[in-house]
Amino acid sequence: MSRASAEINLSAISKNLKFIKGQTKAQVLAVVKADAYGHGLIEVAQQVVAAGADWIGTALLEEGIRLRKSGISTPIISWMTPIGEDFKNAIELDIDLSISSPELLQEIVSAGKAVNKTPRVHIELDTGMNRGGFGDEWSTVLPLLAKSVADKGINLIGVWSHFARADEPAEKMNQDQLVEFEKRVEDLKKSGINFQYCHIANSAASLKHSQAHKNIIRWGIGLYGLSPDVNNLGSSKDLGLIPAMKLKAKLQLVKSVKSGVGVGYGSTATTKSDTKLGVVAMGYADGIPRNTNQSAGVFVDGKRAPIIGRVSMDQFVVDLGASSNAKTGDEVIVFGDGSGGEYTVDEWAKASGTINYEIVTRIGPRVPRIYSRE
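Residues numbered from 1 in each chain as written. Predicted model: local features only at pLDDT ≥ 70, side-chain atom pairs only at ≥ 80, totals over all residues. Heavy atoms only, no water.

Participant: Describe the nonpolar core, naming the residues involved and giving the relevant values.
Facilitator: The biggest cluster of nonpolar side chains holds 113 residues, and the ones touching the most others in it are Phe316 and Trp348. For this core, the element with the most residues is helix α3 (residues 41–51), which contributes 6 residues. When near neighbours in sequence (up to four residues on either side) are disregarded, Phe316 contacts Gly278, Val279, Val280, Met282, Ile288, Val298, Ile307, Val311 and Trp348. If you look at the next biggest cluster of nonpolar residues, it comprises 7 residues, including Val257, Ala269, Leu277 and Ile308. (Core = buried A, V, L, I, M, F, W, Y, C linked by side-chain atoms within 4.5 Å. Buried < 20%, exposed > 50% of the residue type's maximum accessible area, 1.4 Å probe, protein only. Helix = DSSP H or I, 4+ residues; strand = E, 2+ residues; numbered from the N terminus. Contact = heavy atoms within 4.5 Å.)

And the structure:
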């Protein structure tokens with residue numbers, strides 16, 4: 001093994017996909033944005049297609065284009081599409097595009113005319129999250145959409161929105177957003193605009209809000225075996241999901257130190273007794289959060305060794321304990337599914353004051369991905 005690696009269990013990803021397919025009658029859109037949440041865009045996309053994904057979803061158009069050019073023929077939607085993107089190429093490659101503004105509508109229509117092909121589009125609706133999508137201007141946009149459809153300037157494939165609080169199933173806002181979504185869908189139909197698909201359910205709603213499934217669900221964080229929200233929905237194990245990433249590294253150095261010595265930049269931590277320290281060959285340049293506290297660490301020599309001191313750019317230090325048999329060059333598990341006693345992604349997230357999404361997506365390109373089908 002190199003100094004660090006992320007082992008990706010592709011079989012776990014397949015099982016997580018098949019798990020949710022067994023929970024819904026809707027088609028399943030496998031979300032592989034952000035380099036498949038840090039797991040590897042092409043490899044994961046190929047795996048989920050083989051496992052039966054009906055759709056592939058990316059945020060960035062460049063990722064959708066890469067997938068098409070890699071040989072993925074499954075329907076692809078790319079929804080983070082600001083003005084100025086390579087829409088001509090996307091249209092020629094049959095990548096579905098999301099439209100959330102009149103300006104974008106005009107540009108995509110023009111791109112379609114330039115390549116003599118009708119763009120496949122999904123209309124994004126703002127139903128209360130107040131981020132992307134058509135909002136208060138809806139009444140003035142409807143005629144523009146109707147005209148574009150009638151003129152065959154766009155092929156309207158679907159309509160979609162996004163929940164703001166689906167990871168809080170009891171929140172009234174979820175139902176309010178669903179009602180608003182359904183109202184706007186009816187507005188489109190009354191305007192004579194036909195389309196095939198509606199989608200609003202993310203991973204949390206896919207798990208806990210069957211009324212929101214419509215005919216496509218977007219399976220994101222759950223695809224990778226992680227809970228959308230540990231506090232409100234439970235852990236991966238509670239939900240029947242299998243974490244797909246195991247992060248490993250090497251001990252660059254093991255050394256004995258005395259009690260009462262400072263460790264790392266700023267000497268923010270001090271040893272409480274004579275002990276052994278292990279220097280792990282990863283740092284914030286690899287995606288290890290700089291602010292991680294001693295609630296996380298690594299698993300080595302059959303036990304947990306917590307972080308001590310600040311995480312550096314290329315390394316961090318763990319307290320191995322005076323009796324540890326760990327030695328320089330040993331492999332450590334930074335995080336895994338927890339079944340062997342190692343720290344989990346969720347524990348790392350809590351120790352860093354963030355969420356599991358961020359932990360896996362920030363693992364940088366200096367860390368090779370190693371794929372298995374165990």
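Moving on, there is more to tell.
Participant: Residue-level account of empty space enclosed by the protein, with values.
Facilitator: Per the stated rule, a full pass over the model turns up 1 cavity of 30 Å³ or more. Space inside the largest cavity adds up to approximately 50 Å³. The residue inventory of the lining of the largest cavity, partitioned by class, reads 2 nonpolar, 4 polar and 3 charged. (1 Å grid on protein atoms, 1.4 Å probe; cavity = no way out; pocket = protein on both sides within 12 Å on 5 of 7 lines; lining within 4 Å. Points joined across faces, edges and corners; volume = space filled by probe spheres on them. Nonpolar A, V, L, I, M, F, W, Y, C, P; charged D, E, K, R; others polar.)

Participant: Talk me through the pattern of salt bridges; I want residue IDs and the actual numbers.
Facilitator: All chains considered together, the criterion is met by 19 salt bridges. Between Glu186 and Lys189 there is a salt bridge, with its nearest N and O atoms 3.8 Å apart. Here Glu186 pairs with Lys189, and both are found in helix α8 (residues 172–190), just 3 residues apart, close to one helical turn. A relative accessible area of 36% means that Glu186 is categorised as partly exposed. Under the relative-accessibility criterion, Lys189 is labelled partly exposed at 46%. The partner of Arg362 in a salt bridge is Glu358, with the nearest N and O atoms 3.0 Å apart. With a relative accessible area of 31%, Arg362 lands in the partly exposed category. For Glu358, a relative accessible area of 33% gives the class partly exposed. Connected through salt bridges with shared partners, the residues Arg3, Asp286, Asp314 and Arg366 form a single ionic network. (Salt bridge = Lys/Arg side-chain N within 4 Å of Asp/Glu carboxyl O.)

Participant: Outline the sheet that holds strand β9 (residues 216–219), listing residues and values.
Facilitator: Within the open sheet, the 8 strands sit side by side as β8-β7-β6-β5-β4-β3-β2-β9. Their pairing is parallel. Of all strands in the sheet, those bounded by a partner on one side alone are β8 (197–199) and β9. Recorded for the sheet is a direction-independent mean angle of 30° between the axes of neighbouring strands. The pairing of strand β4 (residues 76–80) with strand β5 (residues 95–99) spans 3 bridges and is parallel. Along β5, the bridge assignment pairs Ile76 with Ile95. Of the strands in this sheet, β5 and β6 (120–124) are in contact with helix α6 (residues 102–115), which crosses β5 at around 150°. (Pairing = 2+ DSSP bridges. Axes fitted to C-alpha atoms, helices over the stretch in contact; angles between N-to-C directions.)

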